[in-house]
Amino acid sequence: MNHDTNLAGDAHEGWLKRYYFVRAVFSSAWVLAVLAITPHSTLAGAVLLVAYPAWDAFANLVDARRSGGLAANRTQLLNVVASLAVALALAVALPDMHRVLAVFGAWAILSGLLQLGTGARRWKTHGAQWAMVLSGAQSALAGAVFIGQARMPAEPTVATVAGYAGFGAFYFLVSALLLQFRPQRRKAG
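A few points on the structure. Source: prediction; values computed, not measured. (Residues numbered from 1 in each chain as written. Predicted model: local features only at pLDDT ≥ 70, side-chain atom pairs only at ≥ 80, totals over all residues. Heavy atoms only, no water.)

1. Quick look at the packing of aromatic side chains
Part 1 of the argument: Per the stated rule, a full pass over the model turns up 15 aromatic pairs.
Part 2 of the argument: When the ring of Y19 is compared with that of Y20, the centres are 5.7 Å apart and the planes differ by 45 degrees; the resulting orientation is tilted.
Part 3 of the argument: Put simply, the rings of W30, Y52, F104, W107, F146 and Y164 touch in pairs and so form one group of aromatic residues. (Phe/Tyr/Trp six-rings, centres within 6.5 Å; stacked < 30°, edge-to-face > 60°.)

2. A few points about the nonpolar core
Generally speaking, nonpolar side chains in soluble globular proteins are found buried as a group.
Part 1 of the argument: Formed by 23 residues in total, the largest nonpolar core has its most connected members in W30, L49, Y52, F104, V161 and Y164.
Part 2 of the argument: Within the residue set of this core, elements represented by two or more residues are α1 (3-37), α2 (42-66), α3 (74-93), α4 (97-126), α5 (130-150) and α6 (162-188).
Part 3 of the argument: At six residues, the largest contribution of residues to this core is made by α4.
Part 4 of the argument: For this core, the two domains that each supply at least three residues are domain 1 (1-94) and domain 2 (96-182).
Part 5 of the argument: Look past the residues within four positions of L49 in its chain and what remains in contact with it is W30, L90, L94, M97, V100, F104, V158 and V161.
Part 6 of the argument: Counting residues in each nonpolar core, the second largest holds 16 residues, with L16, A24, F172 and L179 among its members. (Core = buried A, V, L, I, M, F, W, Y, C linked by side-chain atoms within 4.5 Å. Buried < 20%, exposed > 50% of the residue type's maximum accessible area, 1.4 Å probe, protein only. Helix = DSSP H or I, 4+ residues; strand = E, 2+ residues; numbered from the N terminus. Domains from an automatic or database assignment. Contact = heavy atoms within 4.5 Å.)

3. With respect to α5
Part 1 of the argument: If you check α5, its first and last C-alpha atoms are 30 Å apart, about what 21 residues at 1.5 Å a residue would give, namely 30 Å.
Part 2 of the argument: If you check which residues of α5 are buried, you get A131, M132, V133, S135, G136, S139, A140, G143, F146 and A150. (Expected span 1.5 Å × (residues − 1).)

4. A look at the packing of α3 against α4
Part 1 of the argument: It is at 10 Å that the axes of α3 and α4 come closest, and there the two elements cross at 170 degrees. In this view, α3 runs roughly antiparallel relative to α4, as classed from their interaxial angle.
Part 2 of the argument: Grouping the amino acids of the contact of α3 with α4 by side-chain chemistry returns 13 nonpolar, eight polar and three charged. (Axes fitted to C-alpha atoms, helices over the stretch in contact; angles between N-to-C directions. Parallel < 35°, antiparallel > 145°, perpendicular 65-115°, else oblique. Nonpolar A, V, L, I, M, F, W, Y, C, P; charged D, E, K, R; others polar.)

5. Here we look at the environment of T38
Part 1 of the argument: Relative to the helices and strands, T38 resides in the loop between α1 and α2.
Part 2 of the argument: Not counting residues up to four positions away in its chain, the partners in contact with T38 are A33, A44, G45, L48 and V158.

6. As for a nonpolar patch on the surface
Part 1 of the argument: Taken together, the side chains of F21, L173, L177 and F181 make up a nonpolar region of the molecular surface, amounting to roughly 320 Å² of accessible area.
Part 2 of the argument: Ranked by residues supplied to the nonpolar patch, first place goes to α6 with three residues.
Part 3 of the argument: Structurally, L173 can be placed in helix α6. (Patch = residues over 30% accessible without salt bridge, like charges linked within 9 Å, V, L, I, M, F, W, Y side chains within 5 Å. Areas by Shrake-Rupley, 256 points an atom, 1.4 Å probe, with all protein chains shown as cover. Salt bridge = Lys/Arg side-chain N within 4 Å of Asp/Glu carboxyl O.)

7. Focus: the pattern of salt bridges
Part 1 of the argument: Under the defined criterion, the tally for this structure stands at two salt bridges.
Part 2 of the argument: Among the salt bridges present, the one from R23 reaches D56, with a minimum N-O distance of 2.4 Å. Here the residue R23 occupies a position in helix α1, and D56 occupies one in helix α2, the gap between them amounting to 33 residues.
Part 3 of the argument: Relative accessible area serves as the criterion here: at 6%, R23 is assigned to the buried category.
Part 4 of the argument: A salt bridge links D63 to R122; the shortest N-O distance between them is 2.5 Å. Taken together, the positions of D63 in helix α2 and R122 in helix α4 put the pair 59 residues apart, joining distant regions of the chain. Of the two residues, D63 and R122, neither departs from the other in class, the shared state being buried.

8. Focus: empty space enclosed by the protein
Once rolled over the atoms, a probe with the size of a water molecule shows which space is left empty.
Part 1 of the argument: Counted according to the given criterion, the structure contains one cavity of 30 Å³ or more.
Part 2 of the argument: If you trace the largest cavity, you find it lined by L49, M97, V100, L101, F104, T157, V158 and V161.
Part 3 of the argument: The element that contributes the greatest number of residues to the lining of the largest cavity is α4, accounting for four residues.
Part 4 of the argument: Broken down by class, the residue content of the lining of the largest cavity amounts to seven nonpolar, one polar and no charged. (1 Å grid on protein atoms, 1.4 Å probe; cavity = no way out; pocket = protein on both sides within 12 Å on 5 of 7 lines; lining within 4 Å. Points joined across faces, edges and corners; volume = space filled by probe spheres on them.)

Set out below in structure tokens:
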């Protein structure tokens, strides 16, 4: 590899590290907002529910553009489209929380599988993607659980999906830290 290729790879790895940190902070803030605000405001809960997949669409769009464009990142393109569609579907499904949880579950499955695909593709060029792959798989599993819970008689709440976002924050943080410390291991070795 020549010097320019190494610099471009390092710059993209720096972008991914910042991107993962921002995603971790957003998801953590979202969980805190859900737990603090939604017990007191149904409207805030509705806004937060719709905002989560809308943010995911925006984040995937920005990342795909910084990572070679949407044509080169088809899993992220599909994730943008699916996340926007789900944000609209959640707005339509409200206030029926059973339908909301079913829609959120279907999205968690699809977006998880797409994230898994993105992580697997990036693993080849950047390494340090096992947390994103694991997060995608866990997202798909959580989505299946949400769909099952949506069929239960107990009324779900926005807090039902807070743990999902919390695990997402954890995995984004782990990925950012792996990229943060990876260059140091490479230089030390």
